[in-house]
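Survey of secondary and tertiary structure
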Amino acid sequence: MTAEAPHGAEAPPEFVQLLTPEGERVEHPDYDIDLTPAEIRGLYRDLVLVRRVDLEAVALQRQGELGLWASLLGQEAAQIGSGRALTDADMAFPTYREHGVAWCRGVDPVNLLGLFRGVNHGGWDPAEHNFHLYTIVIGSQTLHAVGYAMGIQRDGAVGEDGAASIVYFGDGATSQGDVNESFIWASVFNAPVVFFCQNNQWAISEPLERQTRIPLYRRASGFGFPGVRVDGNDVFACLAVTRKALADARAGQGPMLIEAFTYRMGAHTTSDDPTRYRVADELEAWKLKDPIERVRSYMFKNQVADQDFFDAIDAEADALGRDVRGRCLALPDPEPLAIFDHVYAEPNRLVDAERARFAAYLEGFEG
Amino acid sequence: MTILTLGKALNEGMRKAMEDDPKVLVMGEDVGKLGGVFRVTDGLQKDFGEQRVIDTPLAESGIVGTAIGLALRGYRPVCEIQFDGFVFPAADQIITQLAKMPLRSLGKLRLPVVVRIPCGGGIGAVEHHSESPETYFIHTAGLRVAICSNPADAYTMIQQAIHCDDPVVFFEPKRRYWDKADVDTSAPPATWTPLDQARVVRRGTDATLLAYGPMVKTCLEVAAAAEEEGRSLEVVDLRSLSPLDTERVVESVTRTGRCVVVHEAPVYNGFGGEIAAVVTERCFYNLEAPVLRVGGPSTPYPPSRLEDHYLPDLDRILDAVDRVFTF
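Bear in mind the structure is a predicted one, so any value in this text is a computation, not a measurement. (Residues numbered from 1 in each chain as written. Chains lettered and ligands numbered in written order. Predicted model: local features only at pLDDT ≥ 70, side-chain atom pairs only at ≥ 80, totals over all residues.)

**Focus: the interface of chain A and chain B**
Here is the rule we go by: Contact definition: two residues whose C-beta atoms, as placed from backbone geometry, lie within 7 Å. Numbered from the N terminus, helices here are DSSP runs of H or I no shorter than four residues, and strands are runs of E no shorter than two. Gly falls in the polar group here, along with every residue not listed as nonpolar (Ala, Val, Leu, Ile, Met, Phe, Trp, Tyr, Cys, Pro) or charged (Asp, Glu, Lys, Arg).
Facing the 35 residues of chain A at the interface are 37 residues of chain B. Of all the secondary structure elements, the ones that give two or more residues to the side of chain A that touches chain B are α5 (126-129), α6 (140-154), α7 (177-189) and α13 (349-363) of chain A. Broken down by element, the residue count for the side of chain A that touches chain B peaks at 11 residues, all from α6(A). Along the lines of polarity and charge, the residues of the side of chain A that touches chain B split into 17 nonpolar, 11 polar and seven charged.

**Describing the nonpolar core**
Applied cut-off: What we call a nonpolar core is a set of buried Ala, Val, Leu, Ile, Met, Phe, Trp, Tyr and Cys residues whose membership is set by joining through C-beta atoms within 7 Å. Between the buried cut of 20 or more and the exposed cut of 12 or fewer other C-beta atoms within 10 Å of a residue's own C-beta lies the partly exposed class, and all C-beta atoms are placed from the backbone.
Counting residues in hydrophobic clusters, the biggest one holds 192 residues, and the most contacted among them are V193(A), V194(A), I258(A) and V260(B). When residues in this core are grouped by element, the largest group, 10 residues, is from helix α9 (residues 235-250) of chain A. Beyond its immediate chain neighbours, meaning those up to four positions away, V193(A) contacts A145(A), V146(A), A149(A), A164(A), S165(A), V167(A), A186(A), A249(A) and P255(A).

**Describing the confidence of the model for chain A**
Operational definition: Values of pLDDT, ranging from 0 to 100, describe the predictor's confidence in every residue of the model.
When pLDDT is averaged along chain A, the result is 95; 96% of the residues meet or exceed 70. Within the model, the stretch residues 1-6 of chain A combines pLDDT values under 50 with eight contacts to residues more than four positions away or in other chains.

**Some points on helix α4 (residues 109-117) of chain A**
Residue and element names in this part refer to chain A. Most of α4 sits out of view: seven of its nine residues are buried. Along α4, the residues classified as buried are P109, L112, L113, G114, L115, F116 and R117. Residues of α4 that are buried sit in contact with α1 (37-62), α3 (99-104) and α12 (307-329). Where α4 ends, the next residue or the one after it, G118, has phi of about 95°, a positive value.

**A look at the packing of helix α1 (residues 6-20) of chain B against helix α7 (residues 151-163) of chain B**
Residue and element names in this part refer to chain B. Keep this limit in mind: Angles run from 0 to 180 degrees between N-to-C directions of axes, and those axes are lines fitted to C-alpha atoms, restricted for helices to the stretch in contact. The hand of a helix crossing depends on one turn: near helix anticlockwise from the far one by less than a right angle means left-handed, and clockwise means right-handed.
At a closest axis distance of 8 Å, the pairing of α1 and α7 adopts a crossing angle of 30°. Crossing angle aside, the handedness with which α1 passes α7 is right-handed. Contact residues: L6, A9, L10, E12, G13, M14, K16 and A17 in α1; P151, A154, Y155, I158, Q159 and I162 in α7.

**Concerning the domain arrangement of chain A**
Interface size is often expressed as the accessible area that is lost when the parts come together. The condition is simple: Per the annotation, domain bounds derive from an automatic or database assignment of domains.
Along its sequence, chain A is carved into domain 1 (37-333) and domain 2 (335-367). Between the C-alpha centres of domain 1 of chain A and domain 2 of chain A the distance comes to 37 Å.

**Topic: the sheet that holds strand β12 (residues 240-242) of chain B**
Residues and elements named next belong to chain B. Stated formally: Strands pair, by our definition, only if DSSP identifies at least two bridges between them.
Pairing is mixed across the open sheet formed by seven strands, whose spatial order is β3-β2-β4-β5-β7-β6-β12. The open sheet has two free edges, formed respectively by β3 (53-55) and β12, since each of these has just one partner strand. When strand polarity is set aside, the average angle formed by the axes of neighbouring strands in this sheet is 20°. The pairing of strand β2 (residues 24-28) with β3 spans three bridges and is parallel. In the sheet register, G28 faces β3, and the bridge partner there is D55.

In structure tokens form, the structure reads like this:
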């Protein structure tokens, strides 16, 4: 970490950006995007709503209703931009922080809260949403995404109307063996997979410099496929870059690494205390690059929406927050015997016997 | 009936599974052109192509991790881990992902993945090539653990493992790969012994030897030798280590009243300890002696010139049999 600049606050030179923090549209030679006003309003709505759900979840944790929450604050553009680049046929593999991508895939936010409340380990159907379960062990899901992409290849689903998988991971995960193995697999099998790394500058307390000496996107070249760094707080750029990478992957051009350069505005999770390891200046510098404010500013300046629209979205966000809170609090605790459910797909004499014994034990308390 | 080695029986079993279901894949290091270092996958790539028999990069976590992804896309991958001591880089994917994903999804996901592992010693190999790591996986909820001991079982059990909708860690006794026996490849699957069942492989009345994998053959030799001394030993091939076929174990020990468990893995905290506890709990009033265990010492697997001293053999097992009759 350099002493002169707050960590990660200097805009890096290699950077795909289509919308500046001030809300100005800028050109990029390789990437462009043509969005209708309705599409822009849709992206803005996504950004605001997922931030609102996140805020509600943090509050619920503070009130003792969730055991933990991993906030996405600051990473909304990276997640909405990439999430909205997916087609229904694409498959997404998240970490435990991809609440914005989950939103794009139609997963009910209450299902995410259920996991952190402890009623289950993941209540949604991955096949219904083409959104895999949250993976908590760092980097494991990158291999699953590559294997899934190899399945797409074997199904003959590469080419026109093809499909791809996308996998999310953070800067810390790039040090994991599994992530590096997944790069190798994807490369040698030319798998239709997009590696979407949200470099939020911090792996709990460890800064980026503890994971890498080079910009993360450049790692890709060593594995033999392209890498690109995108302004992770620019939803237009994230959408454009991910769209292109997915289109290339679906068409059979192989994997790509996207490094979305962003910032974790909150704590790692609600159990973390970032004041112990990072300076307030850094946060202040990144506040000026807020992913929502720049879209709002652009929309105002270009008459994409009026005040009524913004008011309506704010009202919708508040209603969503209330709704999510209410349904979270209403989640029933699972029955005790649920411990034994779904451990195996087929009958299992061991678990079945233990379930029967435990049921008999519990019955001893009744009457 | 066809005479097959255990290795060839596994090969024929995989071939049959691949013929029956185009979703079955074989993947691992050197499984393609070479046919695997033990030739267990010999000829499969030639007949089923590189899309279905995949030579992977040399990374075990990658093998199991991508197999999980393939299973999520509807495939039934059969992974080969080249040697027992090489499974540990894949242990994270097996334990934290493969074993737990069905539960994590509340049953919405199934992972019909087979992880084949040649196991055990006795072939004069270098370090990491002779281990018995079954207990790590038996202790992991969500996995099934099976081990074959003979060619006929190898042929049916590998197919059952592939057809199973649960992940199966499938151990193969590498020093028995070259053992030959009659295999009935035409018997209908409905007549096969289920994957999770133990089998009495020799009837006896005085004591029960419980064994699996490479030690079954040794225990049959022990029973033959003991017969000459006037002792009738029953030998049970456990076949399934998770779940354990407790009822068949209990039935046998209840009849004989004495029990010796034999495995190559270290005795200390080994699977024999679990069996001893189960047998003691279920057969307490029928036991004439405590359950005895024979296995490796609490040391890493030794250099091969010492492995004959490490591995349970006829004399060590007979010694335990003698002791179980002295109580």
